[in-house]
Amino acid sequence: MRHYLGVLAAGLAGLFLLGSCNEAAVAPQADHEEAVPPGRILVVTASGERLRLDTLDELARWLDAAGDGPVTVTLGPGRFQARRPLRLGSQTSLSGGGAGITEIRARRAMDALITNRDHGEGNRAITISGLTVDCRRTGRHGLLAIRVADLHMERIEARHCRETGVRVSGHGVITRGAVLEAVTARDNPGHGIVIMWATRNARYSNLYASGNGQSGIVIDHSEGSAVNLHADGNRLDGIFIRNVFAVTATNLVATRNGRHGIHVQGMVASAGGAWTAQGNSQSEPGANDELHFTADDTLSYGTTRNSVVHGVVLGAHMNGVGEPTARHGLYIAPEITALQVEGVAFEPVLDTPQGP
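Residues numbered from 1 in each chain as written. Predicted model: local features only at pLDDT ≥ 70, side-chain atom pairs only at ≥ 80, totals over all residues. Heavy atoms only, no water.

*Asks:* Explain the confidence of the model for the protein to me, please; I cannot follow it from the model alone.
*Replies:* Caution applies to low-pLDDT parts of the model: their predicted coordinates are not meant to be read in detail. Chain-level statistics for the protein give a pLDDT mean of 86 and a share of 85% at 70 or above. Low pLDDT (under 50) marks residues 1-33, which in the prediction has 64 contacts with non-local residues, meaning those over four places away or in another chain. Scored below 50 in pLDDT, residues 317-322 shows ten contacts in the model against residues more than four places distant or in partner chains. (pLDDT = per-residue confidence, 0-100. Contact = heavy atoms within 4.5 Å.)

Below, the structure written as structure tokens:
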């Protein structure tokens, strides 16, 4: 068993290195010497034509009429008001000056502030970067990507969305090549970040979810590699990993969440390392666990098996005083027999979370 898991971990690392060279959004690039003024929008079309727009309404209408790219859209610094969703076609790049510098705010209820054009057949090669998206508790999703192959989301913040800050889904159709880098979801009444339902060969790094009304980060039936995921102060689970196969997950941190810190339900032929879960079960002290492995044989990949997690830090007494909030540091359902959790340590709970 141990030999098999060692070979598995090495093989998975090589697999995801090979699978990480995905097609990026191929779009004409704006002249880097031309700065987009605050509150203005620059569109560069496939032919090199430059359009200068003043409002997101103008941009939304232009995108609906234009269809697929290549096209590059650059938003200058400032706050932009969204009254209709931005629907991006294939080979489209949408970028701002950075999270907290360029902000899109919902002015009315809508399904998503930013989404892809075709949720049925899907799209490909879409890049979204350098933006804060604020649903203002009216939009369901901040960013919604359905069946987008070779999706790139980078330096994104999503907040105050009713259902999900960021949702990426293959919607039952195998969809490859999603990359999420430096994505933050905070203070959404629903989930923070959800990656689900047949999203394959995906890479997630430096994700942070805080203060969300449901779970912070959810990886559900999505295969790929994850590194540097941190969930703090979410009402339900911090990080929920469900029904996955051949996943590598490194440096996961879950602190002060309402239920389980890291909840794993169906992790098959996968490897994890450097997981920290401390100070969780805040909503129901003594009822939930820091690291919880539950069994469910109704999942498509079945119950957790043939997997290993090495290097786990769990909560303990705060400076030796008082009781930890969680029921167990580590709980593994008795039905799970082919899982190894090694190198477990108990350390005092941090007084303050280490966010991005």
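*Asks:* Before we go on, may I ask you to explain the state of the cysteines in this structure?
*Replies:* Note on terminology: a disulfide is the covalent bond linking the sulfur atoms of two cysteines. Overall, the coordinates contain one disulfide when judged by the stated rule. Between C135 and C161 runs a disulfide, and the two sulfur atoms are separated by 2.1 Å. Because the torsion about its S-S bond is 75°, the bridge between C135 and C161 counts as right-handed. Here C135, found in the loop between strand 9 (123-134) and strand 10 (141-146), pairs with C161, found in the loop between strand 11 (148-159) and strand 12 (164-169); they are 26 residues apart in sequence, far enough to count as distant. The exposure class assigned to C135 is buried, which follows from its relative accessible area of 0%. (Disulfide = S-S within 2.5 Å. Helix = DSSP H or I, 4+ residues; strand = E, 2+ residues; numbered from the N terminus. Buried < 20%, exposed > 50% of the residue type's maximum accessible area, 1.4 Å probe, protein only.)

*Asks:* Honestly, the nonpolar core in this entry has me stumped. Any pointers?
*Replies:* Most often, soluble globular proteins keep nonpolar side chains buried together rather than apart. In terms of nonpolar packing, the biggest core is built from 72 residues, with L59, L75, I114, I128, M153, L180 and W275 touching the most fellow members. At six residues, strand 15 (residues 191-210) tops the list of elements feeding residues into this core. Those residues in contact with M153, other than ones at most four positions away along the chain, are I128, L143, A145, V166, V168, V179, L180, E181 and V183. (Core = buried A, V, L, I, M, F, W, Y, C linked by side-chain atoms within 4.5 Å.)

*Asks:* Could you clarify how one ought to interpret empty space enclosed by the protein in this entry?
*Replies:* Rolled over the atoms, a probe with the dimensions of a water molecule shows which regions are left empty. Under the criterion given, the structure shown has two cavities of 30 Å³ or more. Of the volumes computed, that of the largest cavity is approximately 40 Å³. The wall of the largest cavity is formed by L88, I114, T115, N116, I126, I128, L144, A145, L151 and M153. Breaking the lining of the largest cavity down by element, the ones donating at least two residues are strand 8 (112-116), strand 9, strand 10 and strand 11. Here the lining of the largest cavity takes three residues from strand 8, the largest share from any one element. (1 Å grid on protein atoms, 1.4 Å probe; cavity = no way out; pocket = protein on both sides within 12 Å on 5 of 7 lines; lining within 4 Å. Points joined across faces, edges and corners; volume = space filled by probe spheres on them.)

*Asks:* Just checking my understanding: could you explain the side chain of T102 for this structure?
*Replies:* With respect to the secondary-structure elements, T102 resides in strand 7 (residues 102-106). Take T102: its relative accessible area is 0%, and that puts it in the buried class. Here G76 takes part through its backbone oxygen, which lies 3.1 Å from a polar atom of the side chain of T102. Look past the residues within four positions of T102 in its chain and what remains in contact with it is L75, G76, P77, G78, F80, G96, G97, G130, L131 and T132. (Polar contact = N/O pair within 3.5 Å; in protein donor to acceptor, adjacent residues only side chain to side chain.)

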